Amino acid sequence: MATKAQVAKSKKTPKFSSRLVRRCQLCGRPRAVYQKFKICRICFRSLCLNGLVPGAKKASW
């Protein structure tokens, strides 16, 4: 889990746009965050398996 200081720092507007840190809105994870959904891959997978993300489902063939 992210520390409170890291989360607070990432919420501030950065001086340069390349310093922007995207974090998961649910757990605060800084890596593997989908820009479209603003959540990380782990949270996205669990929400999809529960059917909470409209239009997304697990692929099977």
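Residues numbered from 1 in each chain as written. Predicted model: local features only at pLDDT ≥ 70, side-chain atom pairs only at ≥ 80, totals over all residues. Heavy atoms only, no water.

Colleague: Whenever I open this one, the side chain of Arg23 confuses me. Can you help?
Modeller: Secondary-structure assignment places Arg23 in the loop between α1 (4-11) and β1 (33-34). A distance of 3.3 Å separates a polar atom in the side chain of Arg23 from a polar atom in the side chain of Ser10. (Helix = DSSP H or I, 4+ residues; strand = E, 2+ residues; numbered from the N terminus. Polar contact = N/O pair within 3.5 Å; in protein donor to acceptor, adjacent residues only side chain to side chain.)

Colleague: Which parts of the structure should I look at to understand the nonpolar core?
Modeller: Note that soluble globular proteins tend to have their nonpolar side chains buried in a common cluster. Counting eight residues, the largest nonpolar core consists of Cys24, Val33, Ile39, Cys40, Cys43, Phe44, Cys48 and Val53. For this core, the secondary structure elements donating two or more residues are β2 (39-40) and α2 (41-49). (Core = buried A, V, L, I, M, F, W, Y, C linked by side-chain atoms within 4.5 Å. Buried < 20%, exposed > 50% of the residue type's maximum accessible area, 1.4 Å probe, protein only.)

Colleague: Quick question: what am I supposed to make of a positive patch on the surface here?
Modeller: Residues Lys9, Lys12, Lys15 and Arg19 make up a contiguous surface patch of positive charge. Relative to the elements of secondary structure, Lys12 occurs in the loop between α1 and β1. (Patch = residues over 30% accessible without salt bridge, like charges linked within 9 Å, V, L, I, M, F, W, Y side chains within 5 Å. Areas by Shrake-Rupley, 256 points an atom, 1.4 Å probe, with all protein chains shown as cover. Salt bridge = Lys/Arg side-chain N within 4 Å of Asp/Glu carboxyl O. Lys, Arg positive; Asp, Glu negative; His and termini not counted. Charge placed at Lys NZ, Arg CZ, Asp CG, Glu CD.)

Colleague: Hey, could you run me through α2 in this one?
Modeller: Structurally, the α-helix is built with 3.6 residues per turn, so residues lying three or four positions apart point the same way. Among all positions of α2, only Cys43, Phe44 and Cys48 are buried. Viewed end-on, α2 has its buried residues packed into an arc of 130°, placing them on one side of the element. Of the exposed residues in α2, the ones pointing more than 90 degrees away from its buried face are Arg45 and Leu49. The inward-facing, buried residues of α2 contact β1 and β2. Just downstream of α2 lies Gly51, where phi reads positive at about 80°. (Arc of directions from axis to C-beta. Contact = heavy atoms within 4.5 Å.)

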